[in-house]
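Below, each chain spelled out in residue letters.
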Amino acid sequence: MTTALVLAAAAVAYLLWNRPAVAPALPQLPPLSPIIPPGIMPLGMPGAAAAGGGPHPLTLLAILAAGAMVAFAIRESGTPAPAPGPAPVVGLDLRGRFVGPDAAADAATTAALLEELAGQIEWDGSQTEPRLRTGAAFDDLRRSARELRTRGVSLGARQPAVRDAIKTFLDSEAGTEGGPVDAASRAKWVQAYRAVSQAAAEATR
């Protein structure tokens, strides 16, 4: 659409610029003096219209309009649209829940810890004889890994809002049963842990 308008304006400018000048029809009167000073063209003689030369005002207007449209088109095409940010995990949004001077560090630790747990549970399930066979074992692994990673510091005590949100999400997505798990149940735990990891990572951005 913009290209068509630019071409149309350029065509109008070309036609107006090349329009032949029409001298006004005036009766041919003899000069008042037989001697015409050099450089003075009497009105009505050939070339009189050209002596006051210059583009027609409409020509200038059309050229300015075409230039404005070209500049607008270049500016619009050169301005990239901002990329949308990643959507939060469905059912779990930890953005703004980590507080205090260690908020960013705690969020990064949570993201790394839960991603590692998901990978360990997934790998264990691919073995002939898995060592982690119950929901209680998955939860114990999470607690032990957190204690080892943070040297006994309780992230839940420091970030209670995050702790409660993660517990509610895991109970909903992975369940609260501590008994034996099959392949489908294991996949739910893995997916839930990775969702928590993603939500914690988003909280750091």
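Worth saying up front: this structure is predicted, and the values here are computed from it rather than measured. (Residues numbered from 1 in each chain as written. Predicted model: local features only at pLDDT ≥ 70, side-chain atom pairs only at ≥ 80, totals over all residues. Heavy atoms only, no water.)

K.L.:
I'd love a proper account of the overall build of the chain, names of residues and values included.
P.N.:
Across its full length, the chain carries eight helices and zero strands. Reading the helices (α) and strands (β) of the chain from amino to carboxyl end gives α-α-α-α-α-α-α-α. Here the chain holds 205 residues, and 24% of them are scored as buried. Nonlocal contacts in the chain, meaning residues at least 24 apart in sequence, comprise 78% of its contacts between residues at least 6 apart. Surface accessibility of the chain: about 14,000 Å² in total, with carbon and sulfur atoms responsible for 63%. (Helix = DSSP H or I, 4+ residues; strand = E, 2+ residues; numbered from the N terminus. Buried < 20%, exposed > 50% of the residue type's maximum accessible area, 1.4 Å probe, protein only. Contact = heavy atoms within 4.5 Å. Areas by Shrake-Rupley, 256 points an atom, 1.4 Å probe, with all protein chains shown as cover.)

K.L.:
Lay out the packing of helix α4 (residues 103–125) against helix α5 (residues 135–150) in plain terms, naming residues and giving numbers.
P.N.:
Contact geometry for α4 and α5: axes closest at 10 Å, N-to-C directions at 135°. By the criterion of interaxial angle, the relationship of α4 to α5 is oblique. As for the relative orientation of α4 and α5, their crossing is right-handed in sense. Along its contact with α4, which presents Thr109, Ala112, Leu113, Leu117, Gln120 and Ile121, the element α5 presents Phe138, Leu141, Arg142, Ala145, Arg146, Arg149 and Thr150. Of the residues that constitute the contact of α4 with α5, the class distribution is seven nonpolar, three polar and three charged. (Axes fitted to C-alpha atoms, helices over the stretch in contact; angles between N-to-C directions. Parallel < 35°, antiparallel > 145°, perpendicular 65-115°, else oblique. Left-handed = near helix turned anticlockwise from the far one by under 90°. Nonpolar A, V, L, I, M, F, W, Y, C, P; charged D, E, K, R; others polar.)

K.L.:
Which residues make up helix α7 (residues 160–173), and what values go with them?
P.N.:
Across its 14 residues, α7 extends 20 Å between first and last C-alpha, which sits within 8% of the 20 Å expected from 1.5 Å per residue. Where α7 is concerned, the buried positions are Val162, Ala165, Ile166, Phe169 and Leu170. For α7, the arc enclosing every buried residue in end-on projection is 125°, short of the 170-degree limit, so these residues lie on one face. Residues of α7 that are exposed and angled more than 90 degrees away from the buried face: Lys167, Thr168 and Ser172. Packed against the buried residues of α7 are α4 and α8 (183–203). Where α7 terminates, the next one or two residues include glycine 175, which has phi positive at roughly 95°. (Expected span 1.5 Å × (residues − 1). Arc of directions from axis to C-beta.)

K.L.:
Can you tell me about the packing of aromatic side chains, naming the residues and giving the values?
P.N.:
Considering all chains together, one arrives at two aromatic pairs under this definition. Centre to centre, the rings of tryptophan 189 and tyrosine 193 are 5.7 Å apart; their planes meet at 80°, and the pair counts as edge-to-face. Here tryptophan 189 and its partner tyrosine 193 are both found in helix α8, four residues apart, which amounts to about one turn of the helix. For the pair shown, tryptophan 189 and tyrosine 193 are each scored as buried. Linked through ring pairs, Phe138, Trp189 and Tyr193 together constitute an aromatic cluster. (Phe/Tyr/Trp six-rings, centres within 6.5 Å; stacked < 30°, edge-to-face > 60°.)

K.L.:
How would you summarise the side chain of aspartate 124 if you had to cite specific residues and measurements?
P.N.:
Its place among the elements puts aspartate 124 in helix α4. At 2.9 Å, the side chain of aspartate 124 and the backbone nitrogen of arginine 131 are in polar contact. Discounting chain neighbours no more than four positions away, the residues touching aspartate 124 are Pro130, Arg131, Leu132 and Arg186. (Polar contact = N/O pair within 3.5 Å; in protein donor to acceptor, adjacent residues only side chain to side chain.)

K.L.:
I'd love a proper account of the environment of alanine 105, names of residues and values included.
P.N.:
Relative to the helices and strands, alanine 105 is located in helix α4. Judged by relative accessible area, which is 43%, alanine 105 ranks as partly exposed. With 99 residues separating them along the chain, alanine 105 and threonine 204 place their C-alpha atoms 8.5 Å apart.

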